[in-house]
Amino acid sequence: MSGTTLYGNFHNYYKFNAVEERLRCITEGSQCLRCIAQEHMGASEPFTMLDLGCNEGDVSLAMIAIMRELLRSQRQAPLDPSNSIVAEPVIRASGIDLDGELISRAVNKNTRPEELSFEVVDLTNELAFRTYVQSFLGSC
Ligand SMILES: C[S@@+](CC[C@H](N)C(=O)[O-])C[C@H]1O[C@@H](n2cnc3c(N)ncnc32)[C@H](O)[C@@H]1O
């Protein structure tokens, strides 16, 4: 796969397309993301995210940080004021890309391995994609 960008698998993509720019359309106003965070309020399971075509994972990492803040902002103060500890939001995220070199870079840059994993998967391969989704959701 190296040396070709047939599938949009650009290397060093975020050197030319700043993450902030990539995210601007979904973070501006961020009403949509706020609603998603609101809907998750009170849920006992982790907040889960899939990044399909994650390239080197920069956007996946940035999205985790954005959603953590939004989830935090949605949490109510504890009913008992003496119990001031509010649990941190639990996030499970995963990024896939068909380019092994990009995934290898994503793994090396991953500063949140406890929340985020990366895998080489071609999402047009129905069986591989289904197996990956089932395994990811099963581990959450
Ligand atoms: C233009 S980049 C966008 C990266 C990132 N989603 C973003 O918005 O910044 C598209 C990515 O999708 C990946 N991709 C294309 N076809 C794919 C497929 N069938 N399965 C998995 N990843 C794919 C490419 O390798 C590339 O990294």
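Above: the structure in question.
Everything numeric here is computed off the predicted structure, so don't read it as measured data. (Residues numbered from 1 in each chain as written. Predicted model: local features only at pLDDT ≥ 70, side-chain atom pairs only at ≥ 80, totals over all residues.)

(A) Focus on the packing of helix α3 (residues 31-40) against helix α4 (residues 58-74). It is at 9 Å that the axes of α3 and α4 come closest, and there the two elements cross at 55°. Taken together, the axis directions place α3 and α4 in an arrangement best described as oblique. The interaxial crossing formed by α3 with α4 has right-handed handedness. The segment α3 lies against α4, with Leu33, Arg34, Ala37, Gln38 and His40 engaging Ile66, Met67, Leu70, Leu71 and Gln74. In terms of residue class, the contact of α3 with α4 is made up of 6 nonpolar, 3 polar and 1 charged. (Axes fitted to C-alpha atoms, helices over the stretch in contact; angles between N-to-C directions. Helix = DSSP H or I, 4+ residues; strand = E, 2+ residues; numbered from the N terminus. Parallel < 35°, antiparallel > 145°, perpendicular 65-115°, else oblique. Left-handed = near helix turned anticlockwise from the far one by under 90°. Contact = placed C-beta atoms within 7 Å. Nonpolar A, V, L, I, M, F, W, Y, C, P; charged D, E, K, R; others polar.)

(B) Main features of the pairing of strand β2 (residues 91-97). Among the 7 residues in β2, 6 count as buried, and that is most of the element. One ladder, built from 6 bridges, connects strand β1 (residues 47-52) with β2; its direction is parallel. Bridging from a neighbouring strand, Met49 pairs with Ala93 of β2. As paired strands, β2 and strand β3 (residues 116-120) are joined by 5 bridges and run parallel to one another. Bridging from a neighbouring strand, Asp97 pairs with Val120 of β3. Read as a crossover between parallel neighbours, the route from β2 over helix α5 (residues 100-109) to β3 is right-handed. (Buried ≥ 20, exposed ≤ 12 C-beta atoms within 10 Å, placed from the backbone. Pairing = 2+ DSSP bridges. Right-handed = clockwise from strand over helix to strand, strands pointing away.)

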